[in-house]
Every structure is written in structure tokens, then in C-alpha cells.
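Geometric and topological summary
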Amino acid sequence: METNIIVTGVGGQGSILASHIIAEAALKEHGETCRVRVGETFGAAQRGGAVASHVRIGEGVYGPLLGRGTADLIIALEPMEALRLSVPYLAAGGTVVMNTGMQVPVDVKVGAVEYPSLEAIQGALQRLGKRVVAFDGGELASEAGSAKVLSMVMLGAAFASGLLPFCEETVLSVVAAKVPQKTIDTNLEAFALGKKTYQQAVHA
Amino acid sequence: MASVVLQPAGHREVLMGNEAIARGAVEAGLQLMAAYPGTPSSEVGEVLLSAAPESDYYVEWSLNEKVAFEVAAGAALTGARTLCAMKNAGLNVAMDTFMTLPYGGVKGGMVVVVADDPDAHYSSNEQDTRLLAAYAEIPCLEPENQQEAKDMTKAAFALSEDLELPVMLRSVSRISHASGDVLFGEARAERNEIGFNKHYEMPYRWDVYGPPGAVNKHKWLHTALVRAQAKANESPFNTLVKPKGAKLGVLATGLGAAYAKEALNRLGVGDDVAFLKLGMVFPFADKLAKAFLQGLDTVLVIEEGDPLCENFLRALAQEDARNVKIFGKGISRIFEPYGELNTDIVTAAIAPYFGAQAPAAAKEAIRQELAKLVIPRSSTLCAGCSHLGTYCALRTALSAYPEDAVHIVNGDIGCYEQAGYGIFGGDLQIDNSASRRYQAESPYDVLDTLYVMGSGISMAHGQSKLGYDKGKLVAVCGDSTFFHAILPALANAVYNHSNICFLVLDNRWTCMTGHQPNPTTGLDAYAQEYPRMEILPIIKAMGVEFVRTADAYQKEDAVSAIADALAFEGPAVVVMEGECQLQRQRRVKKTMAKTYVNAEACSGCKTCVQLGCPATRFNAAEKKAGIDGVLCVDCGLCQQYCTENAIRVRRR
Ligand SMILES: Cc1ncc(C[n+]2csc(CCOP(=O)(O)OP(=O)(O)O)c2C)c(N)n1
């Protein structure tokens, strides 16, 4: 077995936490047989830079980074980051779970470049992979009780894809262990909302 | 919950490389740790600090790497097991002591963790510090993954004590900041005894000048190195797998071994390949390497950084295996001597030697086409960062000078270095005039020179003494940088009658590396209150005539202070005050911002956008500015710079 996942977003959105929850849940279920790696790039992450975590689970895993065109699943907290990582990494049979809320880079604000339309980004993702599920995760996070739980909404949706190699009970126990005590309920609610949204989107 | 590094033996967890290193030190019975933060090394200190209240070791944030190294060295001379950690560039700062300490060695185990940064994700350069371990003639270990990072750290203490030499553990970003599954080992219960003996095993052991003198101590170091080389040949971190009749060999070090294993798997080859994996890279495991070379005709060397082991292998082959062809990063290049490796690069580079072809990713043409749709995301300062106020005030003050004036703003290292990052989305241009004025359209183009910690002020001073007269000379630095490298540089500029304007951007924390406390914070490393060490009186004590503070968030105050400093003849210093906004926001509960743009009043002039704050928005179609209420912290800066009074504060 080998699973290759990327979690990406903009610094401060919580993508690193989500990637570590995936890694820890995978370790809990497959620790005896598989290696787990999380490779990260987060230049100036705290300051709104692009963040991407490569999560790898498998018997033959040694290095921290995915190969080109090998991502089974890309969880993106921001559309441009979905595209940035999908272009090199998404597998032809891969799935993208994407939040549609944009974070416009300074390069656009100063007029140096233009942010492509959401349709253009989604169209591009469709051409690269097999399945794209996009929705407004920020709204669901607010519904769950806090804009800060966006990454849990996206994790819930990604879980619903069936591509994460562990059961729900395991991942929820890791979520509960990794988030601040007071926010456990909000995080679990966010996970559930994301999961439901994915299921509805796919069956619609 | 107990700190992750204090979990019992047998525990298994996904650890970041730096956490694994910290755990290794705990397992070894660490007694003292000193570090200056630097990405990607800082978490070693942070994790050890988090576990310190429940442990018996001491940890400090020293004020620079040379100090940290000396703190750890001094304690190791008295028998303690000590650790110091730093980023690649940090070792350059510690070099003086680093080069000389090995002449007498240490008594307790001393481990120096240096986190390199191939691909310069977080650094000014890509230097390979393994070469500096070889230069200082001390053993160097290089982990392949997080498990090895832990195991090697623990083993490094024993090795250091055995050889009586400090040992370097060289990590890289993809080890330190990547995570992997780690199985915890037993923690040593006993602690080294502390004592001091001036003539321990050698006269004047801890005094390079004392008889028998430095050369004899250097000679002693070489006898220790012979023992170290024997250790390398037997090290459990160095392994040779050599199938019968192998003609092709792979030598891989540290993380390079992980990439090599994956690449061989991907190519479906490797069963008949000789594989030498080196984790202890200095001294070079010569006997092992000789056995490896025997009978081979081709060797591929895979190492992250410079061709260190490759060159050792070449030297050995020159004596022993002249006909073997060696490919790596040096003479016969199959890898670029810059940037970092990954499995794709390694697979592509080695495939031809196996008569194989690297598997290509599907849809390559589509990928190439769609890459054009990807736009850059240049990093920015945070919403409401005090540095935004300082840079906007500086630009305003400098704009009062004639239009053809070519000012030089010498940068330094910290969050405020982002004022030299530029905008990646723009067109990059060159120009060959000797002097030319450029207009900065955002704070991200304000700095004109930018190198390493502490370098800005002395560069400005050099320009001043040369008589540069085409514009004003400015330098900036942060509060942590002030104590790290500025003190002697500022004293030098003052003593030598400089004529520069120097801004100290005091945001009270060492922010860039993750908000460690420093003398200006008012907290010690253990987060206990401690009186703030004020920067202004220190500067005054140096005899600077023009020195004042200004509030980075008050436009008038900031602009007039900087304007006065620019006009002053002689060294003029302004301490720009404004606590890091992220740290402030952690205390003050953030609600939706009250600041907004009145669209009718907005003229679309983009002055607020030029402030460079991530919370300002601009609707290009309607030519109207806006504010992101989630990001905005109501700092009031954009409001003060708006020329149309269009930015207002909602009353609730
Ligand atoms: C020799 C060296 N050590 C450490 C670092 C890592 N580093 C980058 S910025 C910085 C300190 C920044 O603190 P400060 O000067 O207070 O500026 P701030 O980030 O708070 O604006 C450090 C330690 C480095 N770049 N070089």
C-alpha cells in the first residue's frame, strides 16, 4: 500500500495541522507495517505565504516528498494553492478537494498579475485529475462555529472521499487530541459538515 | 499533557526532525542546551524548553550562536552533556570558537546541531556546513530520516565522550522540518558528574596557549581523528551492501540515501548494485569505502549539499581504484551543485547508468500548459505589522529629497527583511547605469542591500566614510538582531564618526523565527517576567547624539523622527516602537475589524495598497480600495495615509 496526499493553503489557514492529523491517524492504524512521512514547505508561512505539506504513507516510503504526478489526493484550502500543487503533483486518477474562498496575493493587488477565475482553476484541475470537489469551506467553518476550523471542514470532506487510509474513529480521536480542548466540539462539527458536503456533492 | 519528548520508551509518534533531535538529547541524559533561534533549527530549543519544567536540564536562548556555542562548550569542559543548535549561517557566527575548541576537545559529550537549508527555503545561502565540520576536524553525522535523527543525536553524545571531541549533527530542512515515524528508546537515568581539572589527560588541557602549545594540541586532535576514523568504519550508521559481482555502486549520505533507495525502487533495479550508505560522513569511512570500490567500474554519489564524500571517494580511488568512474556533483556532474535533491531528480540522473528510463508523469503536456495559469504568492508582512508603519514613514521621509537622489537603504535580517523580497509577479529588469533612482511602489521594494544578520549598518557606515553623496544612507535592524550582531557594529560606526540614519525596529520579540523572547521582551526563555532591557539607553551610552524613539503606528511621529534623523549630520538613531501584531493579537481577543473604506470617498489612488498590508484589498474593475475585516487589526495605519479621508472606523 502507498498513499500520497498533499495538504495546501496559505499560512495561518491550518493546513499543517490537518497534514499532521492525517499522518498521526495513519501511524495509529499502520504503524507496524508502514512508514509515515510529512514533508513541508512553508517559506514565510506565518505571513500569508504558500504552504504545502506532502503526506506519504506506505511500506516503500523513504523520502519526505511526493514524486511528480503521484498525488492521490490534494486537499486545498485555497484555489490558487490547489492549482499550484496540482500542476506538478496531481495524479491522472487523483482527487482534489478544494475550498473556493480565495486569498488574493499581494502580486495581484499591486497589479503585477491577475488572479484567474474560479472556473478557469476548476477547469484546469478537471483536466489534470479525475475528480474535483469544490465548495465554500469558509461558510461551513462559520456554520460550525469559527472561521478557524476551515482545515477540519476540508479534512472531513477529504475523509469522505475514501482515499484516507484509516477509519473515522481513528481520525476523530487524533483530532480531539491535537486541537485545543475548548475547541474539540467545533472541530468535530466542522469535520462532520465537510464530510456531508462532499457526499452531497458527489451524489448530486 | 507531557511534552512529546518525555514519552516513555516504546512510544511511537510522527515527529518533526527537530523534535526527534530533542528526544535524542533527552534519551542521552542532556544537562545543558543553548541556542540562538534560526529556521529550520529553532524547534530543537523550543521543544526542549517545553519539557524543561519537568526535566533536570538547563536551556537558554543565547543572544547569538557564538555565545550559545561557548555556553555549551564551557559546560562540556566540566563534564556535562551539552547541546547547541543553530541554522547554517549560525555556524558562521560561531566559527572562531568552533575552529579552536577541538584542539583540546571536551570532557562531557557536546553535540552541535546545525540545520542546513539546501534550496534556501529560509536562508540567505545554501552552504553545506559538513565542510565546516571537516574544516574544524570534528566528527559529523548526517541523518537519513527522523528516526535516525533521534538515534544519531543520542549516539553522538556517547561518540563525543568517547573521542573527547565535539560532534556535529548536520540536518537539512527536509529532515528538521519534515516529520516521520519515530520509535522512542530508553532514556539514560544517570547524569555525568561535574568537575574541573586543569591538566586533565594533557597539560593545560583547556588552554590552547598553555604548554605544550597549540601545535601539540592540534597534533592531539589528529590522534583523536585517527580513532574517529576507526569509529566511522564501524559505525552502525554506515552500511555497505555489496552483492557478488556488482559493477555499479551507489554512495549516498544522509537524506540522499532515502532518495537513492526510492529511486532504485522506482527504476526496479538495485538487486545487483553495491550500496554504501554513510550516516557518519566525517571522518570518511576509508576502509568501508575501499571495500565498496573494489571491483566496481562506476559509482554514483548522492548527497545533499556539496560533493563532500564524493571528493573523499575520488581521493581514495586515486590510490586504490583508478579505473572507477565517479559521478556526482563535482567533476563528472550528474547533479547540479545548487538547489536540493528529491526522488524525481535522483531517479532521472541515475536512470541512464542502469540502461533504464525514469517513469514520466502522465499528462506532461497539460501540466506544462497549465503551469502558465499559476501566479506567484510573494510573502508579505502581517496585517497591521509595525514594520509596515516604519517603512511607509521611511518612504515618506525619503521622498522629501530631490527626485534624482539615490538613497541606499541597507537591510538586515528579521521579518523586516521582507522589505527586500520584491514582488515576484513583476517584470524583473536590469540596468547598467552607475547610479539610478528607483521608486518603491510597496514596502517590499524598500531595501537596497540585504545579506546577513548585522551586515546592514556597517555597509552604510562604509558608504558614509567613502563619501557617498548621491543620496541618504540608511540602515535598519530588529531588536533581536540588535543584541545578536549590531552592538559592536554600532559602536564602530559611532566611534568612527559615521553619517548614517539607523532605524532599530523594536517589536519586542524575535519574530521571524517563531517569536522567541529576547532581552527586549520582558520575559525570559521560560516565559517568566524579567525587566525589559531598553535599547535607547544602550545607544545613548555609546555617545550617540541624535537618538530618539518613535511610535511606528503614528504617522506624524514616525515620519518626523526619521526626517530629523536623515537631516542630522553624524550617526542618528531612531528606535521604532510597535509590538509584533501577531503577539499582540494573541493577548487581545480579535473581533471583526471596525475599519472600513467609504467607497464614495475613495479615489482609487492606491496609496493604502502601497502600504503593503495584506488586509487592504483593491477592486481593479471598480477602482476602489477595501478592507478585509477578518485580517484587519484596526491598527490605524492605512487610515492615516489615506489622502481622501476615505478609510474610516465604524463606531459600535
Ligand atoms: C546568523 C543567523 N542566525 C539566525 C538567523 C535566523 N533569523 C532570521 S531573522 C532572525 C531574528 C529576527 O529578529 P528581530 O531582529 O527582532 O526581527 P523581527 O523578525 O522580530 O522583525 C533570526 C534569528 C539568521 N538568519 N542568521
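Keep in mind that what you see is a predicted model, and the values were worked out from it rather than measured. (Residues numbered from 1 in each chain as written. Chains lettered and ligands numbered in written order. Predicted model: local features only at pLDDT ≥ 70, side-chain atom pairs only at ≥ 80, totals over all residues. Heavy atoms only, no water.)

A word on a negative patch on the surface
Residues and elements named next belong to chain A. Let me state the cut-off plainly: Residues with no salt bridge and a relative accessible area higher than 30% make up the patches, which join like charges within 9 Å and nonpolar side chains (Val, Leu, Ile, Met, Phe, Trp, Tyr) within 5 Å. Values of accessible area rely on a 1.4 Å probe in the Shrake-Rupley scheme; residue burial ignores everything except the protein chains shown. Any carboxyl oxygen of Asp or Glu within 4 Å of a side-chain nitrogen of Lys or Arg constitutes a salt bridge here. When charges are counted, Lys and Arg contribute as positive and Asp and Glu as negative, whereas His and the chain ends are disregarded. Here the site of a charge means atom NZ of a Lys, CZ of an Arg, CG of an Asp or CD of a Glu. Every helix listed is a DSSP run of H or I at least four residues long, and every strand listed is a run of E at least two residues long, numbered separately from the N terminus. In this scheme, a residue with accessible area under 20% of its type's maximum is buried, one over 50% is exposed, and one in between is partly exposed, where area comes from a 1.4 Å probe on protein chains only.
A surface patch of negative charge is lined by Asp136, Glu139, Glu143, Asp185 and Glu189. Of all the secondary-structure elements, those providing two or more residues to the negative patch are α5 (137–144) and α8 (184–203). Inspection of the secondary structure puts Glu189 in helix α8. Classification of Glu189 by relative accessible area gives partly exposed; the value is 39%.

A word on the pattern of salt bridges
It is possible for side chains bearing opposite charge to pair when their charged atoms get close. Counting across every chain of the model gives 37 salt bridges over all chains. One network of salt bridges, in which partners are shared, links B:Asp116, B:Asp128, B:Arg130, B:Glu142, B:Arg170 and B:Glu303.

Digging into the packing of helix α6 (residues 150–160) of chain A against α8(A)
Residue and element names in this part refer to chain A. The test is simple: For helices, the fitted axis covers only the stretch in contact; all axes are lines through C-alpha atoms, and the angles between them, taken along N-to-C directions, range from 0 to 180 degrees. Oblique is the label for any angle not under 35 degrees, not over 145, and not in the 65 to 115 range, which are roughly parallel, roughly antiparallel and roughly perpendicular in turn. Each crossing gets its hand from how the near helix is turned against the far one by less than a right angle, where anticlockwise is left-handed and clockwise is right-handed. In what follows, a contact means two residues having at least one pair of non-hydrogen atoms within 4.5 Å. Residues are grouped as follows: Ala, Val, Leu, Ile, Met, Phe, Trp, Tyr, Cys and Pro are nonpolar; Asp, Glu, Lys and Arg are charged; all remaining types, including Gly, are polar.
It is the contact of α6 with α8, at a shortest axis distance of 6 Å, that shows an interaxial angle of 45 degrees. Relative to α8, α6 is oriented oblique. Regarding α6 and α8, the two cross each other, and that crossing is right-handed. For the pair α6 and α8, the contacting residues are Met152, Val153, Leu155, Gly156, Ala157, Phe159 and Ala160 in the first and Asn187, Ala190, Phe191, Gly194, Lys195, Tyr198 and Gln199 in the second. Its residues placed into classes, the contact of α6 with α8 shows 9 nonpolar, 4 polar and 1 charged.

A word on a nonpolar patch on the surface
Residue and element names in this part refer to chain B. On the surface, a nonpolar cluster with roughly 260 Å² of combined accessible area is contributed by Tyr451, Val452 and Met459. Examined against the element boundaries, Tyr451 turns out to sit in the loop between β15 (408–410) and α15 (455–466). We classify Tyr451 as partly exposed; its relative accessible area is 46%.

Some points on the site of the ligand
Residue and element names in this part refer to chain B. Worth spelling out the cut-off: Throughout, near means a residue has at least one heavy atom within 4 Å of the molecule or strand. What qualifies as a polar contact is a pair of N or O atoms within 3.5 Å, subject to a donor-acceptor requirement within protein and to the restriction that residues adjacent in sequence count only when both atoms come from side chains. For every domain, the bounds stem from an assignment made automatically or drawn from a database.
For the ligand, the set of nearby residues contains 25 residues, the closest of which are Glu65, His387, Cys415, Ser480 and Thr481. Backbone polar atom of Ser480 to an oxygen atom of the ligand: 2.8 Å apart, as the coordinates give it. When the ligand sits alone it has 580 Å² of accessible area, and the protein chains cover 96% of it. Elements that contribute at least two residues to the shell around the ligand include exactly α4 (88–100) and α16 (479–495). Broken down by element, the shell around the ligand gets its largest block of residues, 4 residues, from α16. Grouping the constituent residues of the shell around the ligand by class yields 11 nonpolar, 11 polar and 3 charged. In this structure, the shell around the ligand is formed jointly by two domains, domain 1 (2–234) and domain 3 (386–427 + 436–586), each of which donates at least three residues.

Re unusual backbone geometry
All names here are of chain B. Across the junction of Thr39 and Pro40, the peptide omega takes the value 5 degrees, indicating a cis bond. Inspection of the secondary structure assignment puts Pro40 in the loop between β2 (32–35) and α2 (42–51). Note the cis peptide between Pro211 and Pro212, where omega equals 10 degrees. Positionally, Pro212 belongs in the loop between β8 (179–183) and α8 (214–234). You will see that Glu137, though not glycine, has its phi angle at about 65 degrees, which is positive. The backbone of His497 sits at a positive phi, close to 50 degrees, despite the residue not being glycine. Relative to the assigned elements, His497 resides in the loop between α16 and β17 (501–506).

Things to note about the interface of chain A and chain B
Convention followed: The term buried area refers to how much accessible surface (probe radius 1.4 Å) is lost by two components on association, counted for both of them together. In this analysis, strands are considered paired if DSSP registers two or more bridges between them.
Contact residues are listed per partner, giving 63 residues for chain A and 62 residues for chain B. Roughly 4,900 Å² is buried in total at the junction of chain A and chain B, and carbon and sulfur atoms are behind 56% of that figure. For the pair chain A and chain B, the number of links is 7 salt bridges. The salt bridge partner of A:Glu81 is B:Arg377, with a shortest N-O separation of 2.6 Å. Summed over the shared surface of chain A and chain B, the number is 23 residue pairs in polar contact (both at pLDDT 80 or more). Counting only elements with at least two residues in the side of chain A that touches chain B, the list comes to α1 (15–30), β2 (35–41), β3 (50–58), α2 (79–89), β5 (90–99), α3 (106–109) and α4 (118–128) of chain A. Sort the elements by how many residues they give to the side of chain A that touches chain B and α2(A) lands first, with 8 residues. Of the residues assigned to the side of chain A that touches chain B, the class counts are 32 nonpolar, 16 polar and 15 charged. Two strands pair when backbone bridges link them, and β2(A) and β8(B) are joined in this way by 2 bridges, in the antiparallel orientation. Each residue of the ladder has a partner; that of A:Val38, found in β8(B), is B:Ser179.

What about the domain arrangement of chain B?
All names here are of chain B. Split by domain assignment, chain B resolves into domain 1 (2–234), domain 2 (239–366), domain 3 (386–427 + 436–586) and domain 4 (591–649). Each of domain 3 and domain 4 has a C-alpha centre, and the two are 26 Å apart. On the side of domain 4, 9 residues touch domain 3, which itself brings 18 residues to the contact. In this assembly, domain 3 packs against domain 4 so that about 1,100 Å² is buried in total across both faces, 57% of it on carbon and sulfur atoms. Counting the surface domain 3 buries against domain 4, the share from its top three residues, Leu388, Tyr553 and Lys555, is 44%. Seen at the junction of domain 3 and domain 4, the total is 0 salt bridges. Scanning the region where domain 3 abuts domain 4 turns up 5 residue pairs in polar contact (both at pLDDT 80 or more).

Focus: the nonpolar core
Residues and elements named next belong to chain B. Rules: Here, nonpolar core refers to any group of buried Ala, Val, Leu, Ile, Met, Phe, Trp, Tyr and Cys residues whose side-chain atoms link them within 4.5 Å.
Ranked by internal contacts, the top residues of the largest apolar core, which has 125 residues, are Leu48, Leu83, Val299, Leu313 and Ile350. Here this core gets 8 residues from one element, more than from any other, and that element is helix α9 (residues 255–267). There are two domains that each give this core at least three residues, and those are domain 1 (2–234) and domain 2 (239–366). Among residues more than four places away in sequence, those in contact with Val299 are Gly249, Leu251, Phe292, Leu293, Leu313, Val324, Lys325, Ile326 and Phe327. Formed by 82 residues, the second largest nonpolar core is a distinct cluster that contains Ala493, Val573, Val609 and Ile647.

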